[in-house]
Amino acid sequence: MSYDKELAAAKKAASLAARLCQKVQKVLLQSDVQSKNNRSPVTVADYGSQALVSFLLQQEFPAGFSLIAEEDSKDLRKDGAQEIVERITKLVNDSLTSDGSYSVTLSTEDVLKAIDSGKSEGGSEGRHWVLDPIDGTKGFLRGDQYAVALALLDRGKVVLGVLACPNLPLTCISGADRHSPNNEVGCLFFAEVGGGTYMQPLDGSSTVQVSAVENPEEASFFESYEAAHSMHDLSSLIAQKLGVKAPPVRMDSQVKYGALSRGDGAIYIRLPRKGYREKIWDHAAGSIVVSGMDQFHSVCYFLSKAGGVVTDAAGNPLDFSRGRYLDLDTGIIVTNQKLMPSLFKAVRESLEEKALSL
Ligand SMILES: Nc1ncnc2c1ncn2[C@@H]1O[C@H](COP(=O)(O)O)[C@@H](O)[C@H]1OP(=O)(O)O
Ligand SMILES: [Mg+2]
Ligand SMILES: [Mg+2]
Ligand SMILES: [Mg+2]
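For clarity, every value in this text was computed on a predicted model and none was experimentally measured. (Residues numbered from 1 in each chain as written. Chains lettered and ligands numbered in written order. Predicted model: local features only at pLDDT ≥ 70, side-chain atom pairs only at ≥ 80, totals over all residues. Heavy atoms only, no water.)

This brings us to the site of ligand 1. Surrounding ligand 1, one finds 16 residues, the nearest of these being Ser-224, His-229, Ser-253, Lys-256 and Asp-282. Here His-229 contributes a side-chain N or O atom positioned 2.6 Å from an oxygen atom of ligand 1. Measuring from an oxygen atom of ligand 1, one finds a side-chain N or O atom of Arg-270 at 2.7 Å. When ligand 1 sits alone it has 560 Å² of accessible area, and the protein chains cover 86% of it. Cavity membership is defined here by more than half of the atoms lying within 2 Å of grid points; on that basis ligand 1 lies in the largest pocket. Elements that contribute at least two residues to the shell around ligand 1 include exactly strand S4 (127-135) and strand S11 (265-270). It is S4 that provides the largest number of residues to the shell around ligand 1, a total of 3 residues. Looking at side-chain class alone, the shell around ligand 1 contains 4 nonpolar, 5 polar and 7 charged residues. (Near = heavy atom within 4 Å. Polar contact = N/O pair within 3.5 Å; in protein donor to acceptor, adjacent residues only side chain to side chain. Areas by Shrake-Rupley, 256 points an atom, 1.4 Å probe, with all protein chains shown as cover. 1 Å grid on protein atoms, 1.4 Å probe; cavity = no way out; pocket = protein on both sides within 12 Å on 5 of 7 lines; lining within 4 Å. Sits in = over half its atoms within 2 Å of the grid points. Helix = DSSP H or I, 4+ residues; strand = E, 2+ residues; numbered from the N terminus. Nonpolar A, V, L, I, M, F, W, Y, C, P; charged D, E, K, R; others polar.)

Time to look at the layout of surface pockets. Sizing a probe to match a water molecule and rolling it over the atoms shows the empty space that remains. Roughly 1100 Å³ of volume is contained in the largest pocket. Lining the largest pocket are 44 residues, and of these Lys-36, Asn-38, Ser-40, Glu-70 and Lys-279 lie nearest its centre. At the level of elements, S4, helix H5 (137-141) and S11 are the ones that each hand at least two residues to the lining of the largest pocket. The class makeup of the residues in the lining of the largest pocket is 11 nonpolar, 12 polar and 21 charged. (Points joined across faces, edges and corners; volume = space filled by probe spheres on them.)

On the UniProt side, "binding site: Mg(2+)" (unreviewed entry) is annotated at positions that read Glu-70, Asp-132, Ile-134, Asp-135 and Asp-282 here. Separation in sequence by 213 residues is not matched in space for these annotated residues, since their most distant C-alpha atoms are only 9.8 Å apart. Restricting the annotated residues to those that line the largest pocket leaves Glu-70, Asp-132, Ile-134, Asp-135 and Asp-282. Relative to the helices and strands, Glu-70 resides in the loop between strand S3 (67-69) and helix H3 (82-97). With residues up to four places along the chain from it excluded, the contact list for Glu-70 reads Lys-36, Gln-50, Leu-131, Asp-132, Pro-133, Ile-134, Trp-281 and Arg-324. (UniProt positions renumbered as here; feature names shortened; annotations may be inferred. Contact = heavy atoms within 4.5 Å.)

This paragraph deals with the pattern of salt bridges. For the structure shown, the criterion picks out 22 salt bridges. In this structure, Asp-116 engages Lys-119 in a salt bridge whose closest nitrogen and oxygen atoms are separated by 3.7 Å. Note on Asp-116: relative accessible area 18%, which makes it buried. Two residues, Arg-142 and Asp-144, come together in a salt bridge whose shortest N-O distance is 3.3 Å. The exposure class of Arg-142 is partly exposed, given its relative accessible area of 33%. Salt bridges sharing partners connect three or more residues here, namely Glu-6, Arg-127, Asp-154 and Arg-155. (Salt bridge = Lys/Arg side-chain N within 4 Å of Asp/Glu carboxyl O. Buried < 20%, exposed > 50% of the residue type's maximum accessible area, 1.4 Å probe, protein only.)

Let us now look at the coordination of the magnesium ion (ligand 4). Surrounding the magnesium ion (ligand 4) are the protein donor atoms Glu-70 (OE), Asp-132 (OD) and Ile-134 (O), at 2.0 to 2.2 Å. Written as a sequence motif, the donor residues of the magnesium ion (ligand 4) are E-x61-D-x1-I. In this structure, the magnesium ion (ligand 4) lies 3.5 Å away from the magnesium ion (ligand 2), the two metals sharing Glu-70 as a donor. The exposure class of Asp-132 is buried, given its relative accessible area of 1%. (Donors = N, O, S within 2.8 Å, 3.2 Å for Na, K, Ca; no water.)

On to the packing of aromatic side chains. Inspection of every chain in the model, using the stated rule, returns 4 aromatic pairs. When the centroid spacing of 5.4 Å and the interplanar angle of 5° are considered together, the rings of Phe-190 and Tyr-198 count as stacked. On the basis of relative accessibility, which here comes to 33%, the residue Tyr-198 falls in the partly exposed class. Centre to centre, the rings of Tyr-257 and Tyr-268 are 5.2 Å apart; their planes meet at 80°, and the pair counts as edge-to-face. (Phe/Tyr/Trp six-rings, centres within 6.5 Å; stacked < 30°, edge-to-face > 60°.)

A word on the side chain of Ser-54. On the secondary structure map, Ser-54 appears in helix H2 (residues 44-60). Exposure remark for Ser-54: the relative accessible area of 0% places this residue in the buried category. Side-chain polar atoms of Ser-54 contact the backbone oxygen of Ala-114, separated by 2.7 Å. Setting aside anything within four residues of it in sequence, one finds Ser-54 in contact with Phe-65, Leu-67, Ala-114 and Ser-117.

Right, let's get into the nonpolar core. In this structure, Leu-57, Leu-76, Ile-88, Val-92, Leu-96, Trp-129 and Val-148 are the most contacted members of the largest nonpolar core, which totals 54 residues. The greatest single-element share of this core, amounting to 11 residues, is contributed by helix H1 (residues 4-26). Residues Leu-170, Met-251, Phe-320 and Ile-332 belong to the second largest nonpolar core, which totals 38 residues. (Core = buried A, V, L, I, M, F, W, Y, C linked by side-chain atoms within 4.5 Å.)

With that settled, the discussion passes to the sheet that holds S11. One open sheet holds the 5 strands; their spatial order is S10-S9-S11-S15-S14, and the pairing between them is mixed. Looking along the sheet, the strands with just one partner apiece sit at the ends: strand S10 (249-251) and strand S14 (308-312). Each adjacent strand pair in this sheet contributes to an overall mean axis angle of 20°, direction not counted. In the packing of helix H6 (residues 232-242) onto the sheet, contacts are made with strand S9 (220-224), S10 and S11, and the angle to S9 comes to roughly 165°. Across the sheet, helix H9 (residues 340-357) touches S11, S14 and strand S15 (332-336), and the angle it forms with S15 is around 155°. (Pairing = 2+ DSSP bridges. Axes fitted to C-alpha atoms, helices over the stretch in contact; angles between N-to-C directions.)

Listed below in C-alpha cells is the structure:
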C-alpha cells in the first residue's frame, strides 16, 4: 500500500511547523516558556506547532482522524493564559498563510481545539498520526537541536515518518567532515515503509551533500545532551567495550536518528533512569527514518548501507501498538545490522556490571 498522499501532507505540515518554531526561537521571550506539571518546559512554539500540524492533517484527512500528540490545552484554558493563546493563534495563522497555500484565519478556540485533537489513545487498530510538536524542547530553549517529529501508524506499525530538523547542518556533523565550510542548516528527513529514507533541505533551496562514514568503530556515537535523559556513564562503558574511540556526540531530540540515518555516526544509545516511560511520539518518526537507511537518498547522492535497526535493550523491536507509551526493557539502542550483535552484547554486559555494582 502506498502512503504518498499522507507523506506529502506530513512533509508540508512539519515544514510549516518548523518555520513557526524557527521564528519563535529567534526571539524567544521568557514569557513564552511555561512549566508543565511534570516540570518539563513547554513554549508557545510547542503549542503552535501542534495546532498547525493537527489543523492541516485534519483538513486533508477528516475521515476518522486520530492524532496522538504530546501537548494539550489544559494550562492554556486557565485564567491569565489568554494573552499567550492569542500569541499562539497569531503564530499559527501567520504560518498557515505564509506560503500562500492556505487562506484561513483560525480563532483562539479553533487553535485550542486543534491542540486537543491530539488526545487519541492510539492502539493496534486503524490509522493514527503521532506528533511531537517540538522534540527536545530543552535543546530548542538553548538555541540548539530540536525536531518536529511526525509519523503515521497503520494497524500498530509505523508506515511513514518525517523529521524536520531546523538547526541540523546539511553536511555531516561528525568525523572528518565535521569542519565542513558549508554551514547551511535545516534538514527534512522522510521515510515511507519499504521506500527508503530521504533528506532534503528544509527551505528546499539548495542541494545536499551527504558523506558516508566508512568505519563505524571510528564514527561517533550519539546520546542525549541531557544527562537526566540517558545514563552517560553507562554508554561510555558500552562504547569502551566496543572499542569506539571518538567522544560521544551529545545532541537533543530525534535529530540523532536523522543524523544517524545519513551516516554521521553509527550508534545511538538511550538508557534512561529506572521509572521513565518512553512515549511513542519520541521514537515513531525517528525509528522509521533509521530503518529506511539501507536505501538512503539525498538530492545528489545515493548511499547504500547496512539497514538500521532500532530495538530496546533486550533486543525486542519497539511496539507502537500499545497506546501512548512504549513498554520497554530498560532503554533503546540503534545501529546498523552489522554492528547490532556486538552492540547488544556490550549493552547486556554493561547493564549486568552496573547492576552488580549497585
Ligand atoms: N527524564 C527524562 N528522561 C528521558 N527523556 C525525557 C525525560 N524528560 C523528557 N524527556 C523527553 O526526551 C526527549 C528528549 O530526548 P533527548 O534526551 O534525546 O534529547 C524529549 O522527547 C523529551 O521530551 P520533550 O519532547 O518534551 O522535549
Ligand atoms: Mg515536552
Ligand atoms: Mg519529545
Ligand atoms: Mg515535545
